[in-house]
Amino acid sequence: MFEFIKEEVPVFSQSRDSIWLDPHIAQQMLMAHLDIKGDGATRNLAFVEASLQWLKKKFPVKQFTKVLDLGCGPGIYSQRLAEAGYQVTGIDFSANSIAYAQKKAAEKNLLIDYQVGNYLQTNFSKENYQLVLLIYCDFGVLAPESRKKLLKQVYESLADGGQFIFDVFTSEKYQNFVPTKTWSIEEDNFWTVESCLHLEANKRYPDKQTYLAQHYLLYPDHHKEFFIWESVFNQQQIKAALSEAGFSQIEIYSDIRGEKLKQHSETMCFVAKK
Ligand SMILES: C[S@@+](CC[C@H](N)C(=O)[O-])C[C@H]1O[C@@H](n2cnc3c(N)ncnc32)[C@H](O)[C@@H]1O
């Protein structure tokens, strides 16, 4: 394990465990989603409300009724869009988050089609959505071939004139990045209930666009490993990927609240029309 943390992990190789699916951490993630002040798993509520205001104005419900929310988590956006009259499908591979989303929808008498599934393995291409959303920079956690596959499928899933809206991090996010290797003892916190030794390495890859946060949790009789990958992008790279998938008309904003694109923005939001 100690040797392993020294090695360069092949880029975008998948760890055995996932922070979204590990039973304890998934529960912590759900709490992070629901924390209205934090930006842990969903952005803070003020940001979410501003995003929704922009989305509803730019994509009026009458014209853009049918919405697909990819990686919808516990339905923070899906629920509010359904309340505004949109017909929403939400896909997420966290059964924990989807169970919460379904409970909330039932309480509020909302008809939302929530599905537990990996959006990279789910066939949603024939649905004729008017809007497809991928919110909170999830595009960058995907391996290059998965990004390509997802863009193609999103394009096929859109009705003519339909729009794909997603955000990505730029290199600004990692401007002050320093590689680190640390260890700590963890107990009864975000990572674990039982006490364990936590090894963590944060690495930047030679392309200077790919980052890995590598975590090992060592217990007396087993261990868990989590690789958290992230790529940052510039405008040209995303535009090229969108054109390759078939999108022609592309707008760029600073973030998913529709803020005007600023030079040193940490995020960019793309609106791509079929
Ligand atoms: C950063 S969170 C954003 C959640 C939501 N879009 C929001 O802003 O509130 C990413 C979500 O994507 C889900 N996710 C990540 N990869 C996925 C995949 N391949 N298939 C389905 N869901 C995925 C995670 O479970 C998590 O709920």
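Residues numbered from 1 in each chain as written. Predicted model: local features only at pLDDT ≥ 70, side-chain atom pairs only at ≥ 80, totals over all residues. Heavy atoms only, no water.

By the naming in an unreviewed UniProt entry, the protein is Class I SAM-dependent methyltransferase, taken from Enterococcus alishanensis.

J.: Please provide a residue-by-residue account of the sheet that holds strand 6 (residues 180-186), values included.
T.: An order of 6-7-8-9 is seen for the four strands of this open sheet, with the pairing classed as antiparallel. Since the sheet does not close on itself, it has two edges, and those belong to strand 6 and strand 9 (223-231), each with one partner. Within this sheet the neighbouring strands show an average axis-to-axis angle of 15 degrees, counted without direction. Where strand 8 (residues 210-218) meets strand 9, nine bridges bridge the pair, whose relative direction is antiparallel. Residue pairing for strand 9: Leu218 is matched across the bridge by His223. (Pairing = 2+ DSSP bridges. Helix = DSSP H or I, 4+ residues; strand = E, 2+ residues; numbered from the N terminus. Axes fitted to C-alpha atoms, helices over the stretch in contact; angles between N-to-C directions.)

J.: Describe the sheet that holds strand 1 (residues 66-70), and please don't skip the residues or the numbers.
T.: Strand pairing in a sheet is mediated by backbone hydrogen bonds. Such pairs are either parallel or antiparallel. Ordered in space as 3-2-1-4-5-11-10, the seven strands form an open sheet in which the pairing is mixed. The open sheet has two free edges, formed respectively by strand 3 (113-116) and strand 10 (249-253), since each of these has just one partner strand. Going from strand to strand, the sheet's axes swing by 15 degrees on average, the running direction of each strand aside. Direction of pairing for strand 1 relative to strand 2 (residues 87-92): parallel, over a ladder of five bridges. Bridge pairing links Leu68 to Thr89 in strand 2.

J.: Tell me what's going on with the nonpolar core, and back it up with residues and numbers.
T.: Ranked by internal contacts, the top residues of the largest apolar core, which has 36 residues, are Phe59, Tyr77, Leu81, Ile112, Tyr114, Leu133 and Ile165. Within the residue set of this core, elements represented by two or more residues are helix 3 (45-58), helix 4 (76-83), helix 5 (95-107), strand 4 (129-134), strand 5 (158-169) and strand 11 (267-273). The greatest single-element share of this core, amounting to five residues, is contributed by helix 3. For this core, the two domains that each supply at least three residues are domain 1 (2-17 + 173-230) and domain 2 (35-169 + 233-273). If near-sequence neighbours (up to four positions away) are discounted, Tyr114 is found in contact with Cys72, Gly75, Ser78, Gln79, Gly90, Ile98, Ala101, Gln102 and Ala105. (Core = buried A, V, L, I, M, F, W, Y, C linked by side-chain atoms within 4.5 Å. Buried < 20%, exposed > 50% of the residue type's maximum accessible area, 1.4 Å probe, protein only. Domains from an automatic or database assignment. Contact = heavy atoms within 4.5 Å.)

J.: Tell me what's going on with the domain arrangement of the protein, and back it up with residues and numbers.
T.: Domain annotation for the protein reports domain 1 (2-17 + 173-230) and domain 2 (35-169 + 233-273). Distance from the C-alpha centre of domain 1 to the C-alpha centre of domain 2: 28 Å. Each partner contributes to the interface: domain 1 provides five residues, whereas domain 2 provides eleven residues. Summed over the shared surface of domain 1 and domain 2, the number is zero salt bridges. (Salt bridge = Lys/Arg side-chain N within 4 Å of Asp/Glu carboxyl O.)

J.: Outline the site of the ligand, listing residues and values.
T.: The ligand sits among 16 residues. The nearest are Thr42, Gly71, Asp92, Asn118 and Ile135. A distance of 2.6 Å is found between an oxygen atom of the ligand and a side-chain nitrogen or oxygen belonging to Asp92. In this structure, Asn118 approaches the ligand through a side-chain N or O atom, which is 2.9 Å from a nitrogen atom. The protein chains hide 96% of the 590 Å² of surface that the ligand would expose on its own. For the shell around the ligand, a count of residues per class yields seven nonpolar, seven polar and two charged. (Near = heavy atom within 4 Å. Polar contact = N/O pair within 3.5 Å; in protein donor to acceptor, adjacent residues only side chain to side chain. Areas by Shrake-Rupley, 256 points an atom, 1.4 Å probe, with all protein chains shown as cover. Nonpolar A, V, L, I, M, F, W, Y, C, P; charged D, E, K, R; others polar.)

J.: Summarise the packing of helix 6 (residues 144-157) against helix 7 (residues 235-245); cite the residues concerned and give the values.
T.: Taken N-terminus to C-terminus, the directions of helix 6 and helix 7 make an angle of 50 degrees; their axes are 9 Å apart at the nearest point. On the basis of the axis angle, helix 6 is oblique to helix 7. Like other packed secondary-structure pairs, helix 6 and helix 7 cross with a definite hand, here right-handed. Here helix 6 contributes Lys148, Leu151, Lys152 and Tyr155 to the contact with helix 7, which in turn contributes Ala241, Leu242, Glu244 and Ala245. Here the residues of the contact of helix 6 with helix 7 sort into five nonpolar, no polar and three charged. (Parallel < 35°, antiparallel > 145°, perpendicular 65-115°, else oblique. Left-handed = near helix turned anticlockwise from the far one by under 90°.)

J.: Account for the packing of helix 2 (residues 23-34) against helix 5, naming residues and giving values.
T.: In contact at an axis separation of 9 Å, helix 2 and helix 5 are set at 45 degrees when each is read in the N-to-C sense. Comparing their axes, helix 5 and helix 2 come out oblique. Crossing hand, helix 2 versus helix 5: right-handed. In this structure, helix 2 contributes Ala26, Gln27, Leu30, His33 and Leu34 to the contact, and helix 5 contributes Asn96, Ser97 and Tyr100.

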